[in-house]
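As a plain string of letters, each chain reads:
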Amino acid sequence: QVQLVESGGGLVQAGGSLRLSCAASGNIFSTNIMGWYRQAPGKQRELVALITSGGSTNYADSVKGRFTISRDNAKNTVFLEMNSLKPEDTAVYYCNVKRVAIIRPYDYWGQGTQVTVSS
């Protein structure tokens, strides 16, 4: 079975930084897409950033220039470096790992980690 364990969330003042980590364990293919999503109270879940096994990235407009996603393919771990945090970034952040393929596709989610940015 596959498990995603997130860490690094917490409380930080506006303008501060946090680094989230997510380690995926289990039987998964290395060719996958890892990403971070977030959901704030009263809002729908949104994509924050994603990164392919080849290193291609995509960011939500709201975090471009402030957040950086990276991964360690050997360890199936994805990171999210969050800088210049704003109160609007407050949300539960979820790690996601998916493989879009005909053979052995999968889509797994972590339990989420709370990020709170105070004014």
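Here's what I pulled together on the structure shown here. (Residues numbered from 1 in each chain as written. Predicted model: local features only at pLDDT ≥ 70, side-chain atom pairs only at ≥ 80, totals over all residues. Heavy atoms only, no water.)

As for the sheet that holds strand β1 (residues 3-7)
Heads up, the condition is: In this scheme, strands are said to pair when DSSP sees at least two bridges between them. The helix and strand labels rest on DSSP assignments: H or I over at least four residues marks a helix, E over at least two residues marks a strand, and numbering proceeds from the N terminus. The axes used here are C-alpha line fits, helices contributing only the stretch in contact, and every angle between their N-to-C directions lies in the interval 0 to 180 degrees.
Judged by pairing direction, the sheet is antiparallel, and its 4 strands sit side by side in the order β1-β3-β8-β7 without closing on themselves. Among the strands making up the open sheet, the edge pair consists of β1 and β7 (67-72). Strand-to-strand twist in this sheet, taken as the mean axis angle between neighbours without regard to direction, amounts to 15°.

Some points on the pattern of salt bridges
Close approach of charged atoms allows side chains with opposite charge to pair. Worth spelling out the cut-off: Whenever a carboxyl oxygen of Asp or Glu lies within 4 Å of a side-chain nitrogen of Lys or Arg, that contact is scored as a salt bridge. When accessible area is computed with a 1.4 Å probe and restricted to protein chains, residues below 20% of their type maximum are described as buried, those above 50% as exposed, and intermediate ones as partly exposed.
For the structure on display, the rule yields 5 salt bridges. With its nearest N and O atoms 3.7 Å apart, the salt bridge here joins glutamate 81 to arginine 19. A residue pair is termed long-range when its members are at least 10 positions apart, and glutamate 81 in strand β8 (residues 77-82) and arginine 19 in strand β3 (residues 18-25) qualify at 62 residues. Between aspartate 89 and arginine 66 there is a salt bridge; the shortest N-O distance is 2.8 Å. In this pair, aspartate 89 sits in the loop between β8 and β9 (91-99) while arginine 66 sits in the loop between β6 (57-59) and β7, placing the two residues 23 residues apart along the sequence. Residue arginine 66 is classed as buried on the basis of its relative accessible area, which comes to 11%. Within the structure, one salt-bridge network assembled from shared partners comprises Arg38, Glu46, Arg66 and Asp89.

Topic: the packing of aromatic side chains
Two measures describe an aromatic ring pair: the distance that separates the ring centres and the angle between the ring planes. What counts here: A pair of aromatic rings is counted whenever rings of Phe, Tyr or Trp (Trp by its six-membered ring) have centres within 6.5 Å, and the orientation is called stacked for planes under 30 degrees apart, edge-to-face for over 60 and tilted otherwise. When the NZ atom of lysine or the CZ atom of arginine is within 6 Å of a ring's centre and also within 35 degrees of its normal, the charge is said to sit over that ring.
Counting across every chain of the model gives 2 aromatic pairs. Above the plane of the ring of phenylalanine 79 lies arginine 19, whose end atom (NZ or CZ) is 4.1 Å from the centre.

Some points on the pairing of strand β4 (residues 33-39)
In regular strands, side chains alternate between the two faces of the sheet. Counting buried positions along β4 gives 5 out of 7 residues, so the element sits mostly inside the fold. Bridge analysis of β4 against strand β5 (residues 46-52) gives 6 bridges, and the strand direction is antiparallel. Its bridge partner being in β5, glycine 35 is matched across the sheet by leucine 50. Linking β4 to β5, which pair antiparallel, is a turn of 6 residues; within it glycine 42 sits at a positive phi near 80°.

Observations concerning the environment of threonine 90
Spelled out, the test is: Residues are treated as being in contact if the distance between any of their heavy atoms lies within 4.5 Å. Polar contacts, as counted here, are pairs of nitrogen or oxygen atoms within 3.5 Å of one another; within protein the pair requires one atom able to donate a hydrogen and one able to accept it, and residues that are adjacent in sequence qualify only if both atoms are side-chain atoms.
Positionally, threonine 90 belongs in the loop between β8 and β9. The spacing of threonine 90 and glutamine 1 is 89 residues in sequence and 31 Å in space, taken between C-alpha atoms. Dropping the residues within four chain positions of it, threonine 90 is found in contact with Ala40, Gln114, Val115, Thr116 and Val117. Among the polar contacts made by the side chain of threonine 90, one reaches the main-chain carbonyl oxygen of proline 87 at a distance of 3.0 Å.

Focus: the nonpolar core
The tendency in soluble globular proteins is for nonpolar side chains to be buried side by side. Rules: By convention a nonpolar core is built from buried Ala, Val, Leu, Ile, Met, Phe, Trp, Tyr and Cys residues, the set being connected through side-chain atoms within 4.5 Å.
In this structure, Trp36, Leu80, Met82 and Tyr93 are the most contacted members of the largest nonpolar core, which totals 30 residues. Breaking this core down by element, the ones donating at least two residues are β3, β4, β5, β7, β8, β9 and β11 (113-118). Among residues more than four places away in sequence, those in contact with tyrosine 93 are Glu6, Leu20, Trp36, Tyr37, Arg38, Val48, Phe67, Leu80, Met82, Gly112, Thr113 and Val115.

Fair warning: the whole summary comes from geometry, so function is off the table for now.
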